[in-house]
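Overview (structure and organization)
If you want the building blocks of each chain, they are given just below.
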Amino acid sequence: MSQAIAGKVVVITGASSGLGAATARHLGALGASVVLGARRTEQLNSIAADITAAGGKAAVVQTDVTIAADVQRLVDTAIATFGKIDVLINNAGLMAIAPLDALKVDEWERMIDINIKGVLYGIAAALPHFRAQGSGHFINVSSVAGHKVISPGGTVYSGTKFAVSAISEGLRHEVGGAIRTTVISPGAVDTELQSGSSHAQSAAHLKEFYKIAIPAETVARAVAYAIEQPDGVDLNEIVLRPTLQDF
Ligand code: NDP
């Protein structure tokens with residue numbers, strides 16, 4: 001239990017695996033009411049059942065972040081179930097690594113839809129509530145690839161993560177004051193993300209690179225640290241990576 005986190009209502013997109021699932025479990029154990037969104041409801045229900053069995057509070061909403069109405073319903077369900085929304089974690093993401101020459105245009109579009117438009121839909125759904133409450137906290141998951149272009153093959157993924165970082169900084173400028181904005185940029189973390197590349201050579205390279213990956217719980221703890229800062233403190237940027245990672 002954490003004094004500063006207990007009772008907060010936290011909505012998490014992409015909560016069915018990886019960082020989102022680990023963050024939901026961690027914040028649930030610290031006393032937050034967590035609202036989990038993703039497409040795979042079986043995984044969401046199982047994570048929510050674990051959280052409630054341990055004495056926490058959780059709700060599940062099937063959500064495709066590429067559909068604005070789905071993201072709105074996720075946020076509205078948090079308010080209908082728990083009375084408010086304190087934190088929105090825009091975490092859902094896809095990493096499809098391939099050289100531009102491979103012309104994986106469908107994957108470019110999916111990454112743009114999930115990684116950029118999904119974040120914007122989250123902002124659109126939560127911002128009016130944050131404004132009305134006079135408080136709120138956006139936590140947007142970028143990447144070290146949002147600071148430096150992954151090469152070879154990471155051009156479009158990095159483009160989407162640079163966009164997340166830019167949108168987060170613009171958001172901070174526009175809503176700073178009562179509303180907090182954190183952008184978190186992890187390096188290699190051991191999740192399903194590394195399996196999202198259909199280009200065989202890039203997938204093999206990633207498999208090798210991810211041998212140094214750190215557990216998802218490390219990111220969950222960083223997210224909790226951002227949330228538990230006292231009112232008036234806005235932890236804007238967190239970059240964390242394995243000590244063995246130079247990129
Ligand atoms: P995972 O693949 O384990 O998780 C991705 C999550 O996103 C899943 O819960 C998935 O759920 C969800 N998701 C994907 N597409 C959609 C969609 N259309 N609508 C709703 N949810 C969707 O990877 P991670 O946990 O690693 O990724 C989480 C975030 O962290 C991503 O933004 C990623 O870019 C970022 N990141 C990860 C790093 C890493 O090394 N792992 C490093 C830096 C950043 P479902 O399929 O059920 O919809």
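Secondary structure summary: the chain contains seven helices and seven strands in total. When the elements of the chain are put in sequence order from the N terminus, they spell out β-α-β-α-β-α-β-α-β-α-β-α-α-β. Radius of gyration (C-alpha) of the chain: 17 Å, near the 18 Å computed for a compact globule of 247 residues. For the chain, the C-alpha atoms occupy an extent of roughly 50 × 40 × 35 Å along the three principal directions. Counting only residues that meet the buried cut, the chain has 51% of its 247 residues in that class. The contacts of the chain with a sequence gap of at least 6 include a subset with a gap of at least 24, amounting to 72%. For the chain, the exposed surface amounts to about 11,000 Å²; the carbon and sulfur share of it is 53%. On the chain, the mean spot of the 19 positive side-chain charges and the mean spot of the 22 negative ones are 3 Å from each other.

Counting buried residues along strand E2 (residues 33–38), six of its six residues qualify, which places the element largely inside the surrounding structure. Of the two faces of E2, the one lined by Ser33, Val35 and Gly37 and the one lined by Val34, Leu36 and Ala38 are each fully buried. Here strand E1 (residues 9–13) pairs with E2 via five bridges, running parallel. Paired with Val10 across the strands is Val34, a residue of E2. For the segment spanning E1, helix H1 (residues 18–29) and E2, crossover handedness is right-handed.

For any two helices packed against each other, one specifies the inter-axial angle together with the distance between the axes. Relative orientation of the contacting elements helix H3 (residues 68–82) and helix H4 (residues 105–133) amounts to 35°, with a least axis distance of 8 Å. Handedness of the H3/H4 crossing: right-handed. Where H3 abuts H4, its residues Ala68, Val71, Gln72, Val75, Asp76 and Ile79 lie against Tyr121, Gly122, Ala124, Ala125, Ala126 and His129.

Let us look at the packing of aromatic side chains. For the structure shown, the criterion picks out two aromatic pairs. Their ring planes at 85° and their centres at 5.8 Å tell us that Phe209 and Tyr210 sit as a pair that is edge-to-face.

A word on H3. If you check H3, its first and last C-alpha atoms are 21 Å apart, about what 15 residues at 1.5 Å a residue would give, namely 21 Å. For H3, the set of buried residues is Asp70, Val71, Leu74, Val75 and Ala78. Down the axis of H3, the sector holding all buried residues measures 140°, keeping them to one side. Exposed and facing more than 90 degrees away from the buried side of H3 are Ala69 and Ala80. Trailing H3 by a residue or two, Gly83 shows a phi angle of about 90°, which is positive.

Turning our eyes to something else, we now look at the site of the ligand. Every one of the 30 residues lining the ligand counts as a neighbour, but Ser16, Arg39, Tyr157, Thr191 and Tyr210 are closest to it. In this structure, an oxygen atom belonging to the ligand sits 2.8 Å away from a side-chain N or O atom of Arg40. Note that an oxygen atom of the ligand is positioned 2.7 Å from one of the side-chain N or O atoms of Tyr210. Protein chains shield 95% of the accessible area of the ligand, which is 880 Å² for the free molecule. At the level of secondary structure, the elements contributing two or more residues to the shell around the ligand comprise H1 and helix H5 (155–175).

Core analysis: the largest hydrophobic core is formed by 38 residues, its most contacted members being Val11, Val35, Ile85, Leu88, Phe130, Phe138 and Tyr157. For this core, the secondary-structure elements that each account for two or more residues are E1, strand E3 (57–62), H3, H4 and H5. Examining the composition of this core, we find that seven residues originate from one element, H4, more than from any other. In this structure, Ile85 is in contact with Val9, Val11, Val75, Ile79, Ala126, His129, Phe130 and Gln133, ignoring residues within four places of it in sequence. Among the nonpolar cores identified, the runner-up in size contains 35 residues, and Leu27, Ala48, Ala220 and Val223 belong to it.

Right, let's talk about the sheet that holds strand E4 (residues 87–90) for a bit. With parallel pairing, the seven strands of this open sheet are ordered in space as E3-E2-E1-E4-E5-E6-E7. Because the sheet does not close on itself, it has two edges, and the strands there are E3 and strand E7 (237–240). Recorded for the sheet is a direction-independent mean angle of 15° between the axes of neighbouring strands. Pairing analysis gives six bridges linking E2 to E3, with the strands arranged parallel. Its bridge partner being in E3, Gly37 is matched across the sheet by Val61.

The topology assignment puts Thr52 in helix H2 (residues 41–53). Along the backbone, Thr52 and Ser33 are 19 residues apart, and their C-alpha atoms lie at a distance of 9.8 Å. Excluding residues within four positions of it along the chain, Thr52 makes contact with Lys57 and Ala58.

Cut-offs and rules
- Residues numbered from 1 in each chain as written.
- Predicted model: local features only at pLDDT ≥ 70, side-chain atom pairs only at ≥ 80, totals over all residues.
- Heavy atoms only, no water.
- Helix = DSSP H or I, 4+ residues; strand = E, 2+ residues; numbered from the N terminus.
- Rg over C-alpha atoms; globule rule 2.2 N^0.38 Å.
- Buried < 20%, exposed > 50% of the residue type's maximum accessible area, 1.4 Å probe, protein only.
- Contact = heavy atoms within 4.5 Å.
- Areas by Shrake-Rupley, 256 points an atom, 1.4 Å probe, with all protein chains shown as cover.
- Lys, Arg positive; Asp, Glu negative; His and termini not counted.
- Charge placed at Lys NZ, Arg CZ, Asp CG, Glu CD.
- Pairing = 2+ DSSP bridges.
- Right-handed = clockwise from strand over helix to strand, strands pointing away.
- Axes fitted to C-alpha atoms, helices over the stretch in contact; angles between N-to-C directions.
- Left-handed = near helix turned anticlockwise from the far one by under 90°.
- Phe/Tyr/Trp six-rings, centres within 6.5 Å; stacked < 30°, edge-to-face > 60°.
- Expected span 1.5 Å × (residues − 1).
- Arc of directions from axis to C-beta.
- Near = heavy atom within 4 Å.
- Polar contact = N/O pair within 3.5 Å; in protein donor to acceptor, adjacent residues only side chain to side chain.
- Core = buried A, V, L, I, M, F, W, Y, C linked by side-chain atoms within 4.5 Å.

As far as function goes, none of this settles anything; it's purely spatial.
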